[in-house]
Structure formats: C-alpha cells, structure tokens
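One-letter residues, chain by chain:
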Amino acid sequence: MLALIISLPILGLLVFLALCIYVDGFYGDFLDLVRNHNYHEDGRKLESVRPIAFPWGNFQLLKDDPEKLVKNLHETMDRNDGFAVTYFLWNPNVLSNNLEFMKRVYSTEILKKSRRDLTKITIWERLFGRGLFMLSDANEWKKSHKVCIRGMGSKFLTDYYVTVQEVADKSVARLEEKIKLHKGPIECEIRKFFQDYTLEAIFLIAFGKGDSKPEERRRVADLFDTAIGTQESDMRFTLPGFIDMPFETPRKIRSAIKELQEYGARVVKNHRTKMKEGKIDPNAKGTLLSALCEKAEDGSEFSDTLVLENVYSFMFAGLDTSSTALAHAMIHLARHPAVQEKARKEALAHKEVDFEIVMNGLPYLACVAREALRLCPPINGIGGNREIKEGITFNGKRIAKDTGIGACQLAHHRNPKIWGKDAEVFRPDRHMKEDGKAVPIFDNEGMKFLSFGGGVRSCIGKNLASMELKYMLWAFLRRFRVDSAKGYEFGRYWHSSVIMCKPDNGVKVSVNLL
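Read on for an overview of the structure. Since the structure is predicted, the reported quantities are computational estimates derived from the model, not experimental observations. (Residues numbered from 1 in each chain as written. Predicted model: local features only at pLDDT ≥ 70, side-chain atom pairs only at ≥ 80, totals over all residues. Heavy atoms only, no water.)

To continue, consider the layout of surface pockets. Each pocket or cavity is described by its volume, and for the largest pocket that value is around 490 Å³. Looking at the largest pocket, it is lined by 25 residues, and the ones nearest its centre are Arg191, Gln195, Asp225, Asp320 and Lys502. Of all the secondary structure elements, the ones that give two or more residues to the lining of the largest pocket are α10 (190-207), α11 (214-233), α14 (304-335) and β10 (494-496). Across the lining of the largest pocket, the residue classes tally to seven nonpolar, nine polar and nine charged. (1 Å grid on protein atoms, 1.4 Å probe; cavity = no way out; pocket = protein on both sides within 12 Å on 5 of 7 lines; lining within 4 Å. Points joined across faces, edges and corners; volume = space filled by probe spheres on them. Helix = DSSP H or I, 4+ residues; strand = E, 2+ residues; numbered from the N terminus. Nonpolar A, V, L, I, M, F, W, Y, C, P; charged D, E, K, R; others polar.)

Here the focus is the environment of phenylalanine 128. Along the chain, the position of phenylalanine 128 falls in helix α7 (residues 122-128). Along the chain, phenylalanine 128 and glutamate 262 lie 134 residues apart, while their C-alpha atoms are 14 Å from each other. Excluding residues within four positions of it along the chain, phenylalanine 128 makes contact with Phe133, Met134, Phe224, Ile228, Glu309, Tyr312, Ser313 and Phe316. (Contact = heavy atoms within 4.5 Å.)

Before going further, it helps to spend a moment on unusual backbone geometry. Cis peptide bonds are those with omega within 30 degrees of zero, and the linkage from arginine 50 to proline 51 qualifies with 0°. Its place among the elements puts proline 51 in the loop between α2 (26-34) and α3 (59-64). Along the chain, phenylalanine 54 connects to proline 55 via a cis peptide bond; the corresponding omega equals -5°. Along the chain, the position of proline 55 falls in the loop between α2 and α3. A positive phi angle, near 55°, is found at aspartate 81, a position not held by glycine. Topologically, aspartate 81 is positioned in the loop between α4 (66-79) and β1 (83-88). Located in the positive-phi region is aspartate 402, a residue other than glycine, with phi close to 65°. You can see aspartate 402 is positioned in the loop between β7 (397-399) and β8 (404-406). For aspartate 402, a relative accessible area of 34% puts it in the partly exposed group. (Buried < 20%, exposed > 50% of the residue type's maximum accessible area, 1.4 Å probe, protein only.)

Here the focus is the sheet that holds strand β4 (residues 186-189). Reading across the sheet, the three strands line up as β4-β12-β9 and stay open at both edges, with antiparallel pairing between neighbours. For this open sheet the edge positions go to β4 and β9 (480-484), each flanked by a neighbour on one side alone. The sheet shows a mean angle of 40° between the axes of neighbouring strands, taken without regard to direction. Pairing geometry for β9 and strand β12 (residues 508-513), over five bridges, is antiparallel. If you follow valine 482 over to β12, its bridge partner there is valine 511. Each of β4 and β12 is contacted by α10, which is oriented at about 60° to β4, the strand it contacts most. Here α14 sits on the sheet in contact with β9 and β12, set at roughly 75° to β9. (Pairing = 2+ DSSP bridges. Axes fitted to C-alpha atoms, helices over the stretch in contact; angles between N-to-C directions.)

Here is the structure:
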C-alpha cells in the first residue's frame with residue numbers, strides 16, 4: 001500500500017509530462033488555466049499566442065520560424081484589441097502593439113512598481129552580476145547610472161570617436177588590399193568582417209590599448225562567443241540550473257566565464273594600482289575603464305567587481321549588436337542597388353568627416369542604419385520588458401501581478417498598423433523627415449521604434465552605437481560596391497536565437513572596389 005501511495009504522484013507526473021509533450025495544445029491550455037490571469041473588461045481572458053511548446057513556451061516557435069511567430073502574434077493581437085499573452089518557459093507576459101500602453105510600460109510609474117529580473121538568465125547573472133542593465137531596483141539602478149553615464153558623456157565620446165575612426169579605417173584598408181590582391185570582387189562573410197571591426201573598437205574603448213595584444217582581444221571575443229553565443233543558440237540554458245550540470249557544454253561555459261573574470265580582474269586591479277601611484281598609462285585614458293574607476297563627487301566609487309561587471313556589460317551590449325546591425329544593413333543594400341547608390345552619394349559628398357558630422361549629419365546613412373535595426377532588431381523581446389509587482393489596468397484590460405509586460409520588438413517593428421502596409425519592406429526613406437533631417441537612429445518615435453528601449457532606462461550606449469554604425473557605413477560605401485552573393489539574392493537570410501536576430505552563419509556578399 002505504501003509503495004502504491006508513493007508511486008501515484010510519480011505516475012501522475014509522468015502522465016502529465018506525456019500529455020505536455022505528445023498532445024498538441026495541452027501545455028498551452030494548462031498554462032492558460034494556471035498562469036494566465038489577464039482579462040478583458042468583459043471577463044474574457046486575454047488570448048495566448050500559439051503554438052506553445054513544452055517546456056520552452058513561445059520561444060520554440062521564435063527560434064524555429066520567427067516569421068510565423070510574428071504572423072501569429074499580429075493575428076492574436078488583432079483579435080484582442082492590440083494585446084496578446086506569450087510564455088517564456090512557464091512565465092506569462094502580456095505584449096502589446098498599443099503605443100500608449102508602451103509609453104506606460106517605459107514610464108517612471110511602472111519602473112517603480114516592477115522588476116527586471118535578468119538573473120533568470122544564469123549566464124548573464126554570472127558574467128554581468130550587478131552591471132547596469134541587470135539591475136532591477138530603481139534606486140540601485142539610479143545610483144549606478146550616475147557613475148556609468150560618465151563614460152558615455154561628450155568628454156569620453158570624442159575620445160571614443162578617435163578609436164572608432166582608427167579601427168574602421170584600418171578594417172576598410174585591409175579589405176581594400178585583399179580585393180586588390182584578388183584582382184576582382186571577393187565574396188565576403190560580412191558579419192565576420194563587421195564583428196572584427198566592433199570587437200577591436202569596443203575592446204579599445206573599454207580597456208584601452210595598454211599592454212593588450214591582438215591575440216588577447218581575439219581570445220576575449222572567443223570567450224564571449226563561447227559564453228553568450230552558446231546560450232543564445234542552446235535553449236537548455238534557459239532552464240534553471242542547467243549551467244551547473246556536469247555536461248561538456250555547461251563546463252565549457254563555466255570555464256569561459258571564469259577566464260573572462262580572471263582576465264578582467266587583472267586589468268582593473270592593474271589600472272587602479274597605477275591610478276594610486278599616479279602612473280596612468282596614456283593608452284588607458286579616455287576609456288570606459290578609466291571613467292568607471294574615477295570617484296564620484298560624493299567620494300563614492302565602484303568596487304573592482306562592479307567596474308568589471310559594467311565594462312563587460314558594455315562590451316556585451318556593443319559587440320554583437322553593432323556588428324549584426326551593420327551586417328543586416330549591408331545585405332539589404334546589396335539587395336536594393338538604388339538605395340545603395342543613394343547612400344553612397346551621401347558618403348561621397350563628404351571627403352572627410354569629423355565627430356560633429358558623424359553624430360549630427362549623414363542623414364541618409366542614419367536612415368539606412370535605423371531601417372536595418374527596425375527590420376532585425378538586436379533584441380527580440382518575446383519576454384516582457386518589466387515584470388509588474390502589482391496588478392495594473394489599461395483601457396479595461398486587467399493585467400495580473402508577476403506578469404511581464406512589453407512588446408516583441410521583431411513583431412512590433414514589422415506591424416503594418418504601426419509602420420504601414422510596407423512594414424516588411426526595407427525602405428530607409430521612411431525615417432527621413434520633411435526638413436531633410438533624419439529621425440535619430442536611437443529615437444523611439446513615440447514607442448514605434450524600440451531597438452534602444454525607451455524611457456529613462458533606454459540604452460546608455462546609444463550615442464556610441466550611432467557613431468559606430470554611421471562612420472563605418474560612410475567609410476565602407478566610399479570605397480566599395482556590394483552585391484548579393486550567389487544563393488543569397490532572395491529570401492530570409494537571418495535566424496532568431498533566443499535573444500537576437502542574426503544573419504545565418506556563412507552569409508556572404510560580393511564586395512568590389514568602386
């Protein structure tokens with residue numbers, strides 16, 4: 001009898017798991033029953049986006065067929081007044097294409113009564129710790145932001161511009177030499193080209209030249225790719241505790257994180273020691289590291305650990321996002337020759353550029369970069385931006401506490417109700433204003449454009465990202481013409497990882513000198 005009593009719960013669990021795995025719709029119906037407590041004004045539950053896979057929720061469809069996920073999300077929102085429920089694993093989120101609702105999501109009101117628990121992504125928690133974008137508590141974020149923003153002020157941005165200019169010019173010169181040696185156009189794995197550019201630029205902006213060698217910078221990039229790239233492609237790392245499992249891949253990631261932490265700790269400790277001795281390396285001045293190591297006006301300062309966590313947070317935010325945006329832009333330009341020629345005409349009109357021109361000029365290049373970010377935003381956002389700690393009401397919709405709220409950037413940016421009937425079309429001119437000026441790359445435009453977030457917690461590195469994108473587009477288009485490589489002329493060339501929209505591995509374009 002005792003054995004029967006013990007075995008019944010186990011048998012019940014096995015039956016439940018079998019139903020979740022083998023019966024279509026069961027897992028989604030179960031989650032809607034026990035986790036979806038979000039209602040229309042008339043008492044109906046907000047509808048969830050299907051299919052919902054066990055145990056990944058809607059992330060499985062996002063990874064397998066992102067275009068279908070976008071279509072299903074749009075259709076669900078159309079039936080629910082612009083709202084839909086999604087699931088990250090078993091966690092519910094209410095997503096919306098209502099711009100007024102999105103303004104509220106990013107408002108100070110919601111910031112104070114919600115949390116942003118990115119520690120659920122265990123790899124991020126271990127590598128970025130209490131880095132700025134990881135912080136949930138509004139007061140703690142505000143305190144850290146005061147320190148971090150120093151490294152993104154105009155004083156440091158002008159120093160960063162010199163680095164971006166130098167690295168971009170060297171990258172373009174190397175490619176030019178390669179084409180000359182080949183004596184004709186070459187097929188270039190474009191994402192890899194831009195990754196190398198952003199890697200060197202971001203590393204030098206973060207740490208400075210110091211004693212680092214190119215192979216060390218490459219090693220850091222490889223370690224980031226091991227830790228972050230593996231997590232993006234392997235959905236098992238979204239499961240609690242999987243990173244600590246005694247399998248080869250989790251061990252590999254733990255080892256990469258440890259090596260990154262040890263390397264960064266040495267750099268920070270060495271910099272602080274030289275600060276105290278008054279022997280700061282000139283190559284480390286004007287870097288994010290030097291900005292974060294400075295004492296605040298009230299005498300407070302970051303610990304070595306906090307400095308490193310924020311430097312790595314910055315590197316993560318800037319490495320893949322900028323290179324991916326540039327790759328998307330170049331692939332689209334290859335597919336749209338008329339747009340490419342218009343962009344090149346603007347680039348050729350400026351024989352030289354300076355900080356002011358790059359930051360406030362080159363309007364059509366800004367439109368090209370912004371349109372690439374619109375169609376393939378760096379963060380998918382299928383989970384909510386914030387998790388509310390108490391229930392809220394909007395236009396009669398009742399959203400329960402502990403629910404994530406926000407928008408799916410991929411779907412939001414391709415929504416015809418927001419961007420018009422040609423929302424799926426690459427058309428940079430949509431971002432050009434009547435006065436001939438461009439909408440700034442990072443402007444959310446009333447919550448239509450969310451690649452850099454919104455509200456007070458929008459991306460702290462948005463000005464630097466704008467600089468990196470526009471300068472490289474200017475330098476590249478002045479020297480090269482880009483065409484679609486054979487096999488990549490049409491169709492979807494990109495995939496969605498757990499977090500980002502990236503060009504498929506190996507996607508190439510044909511590059512030739514003008």
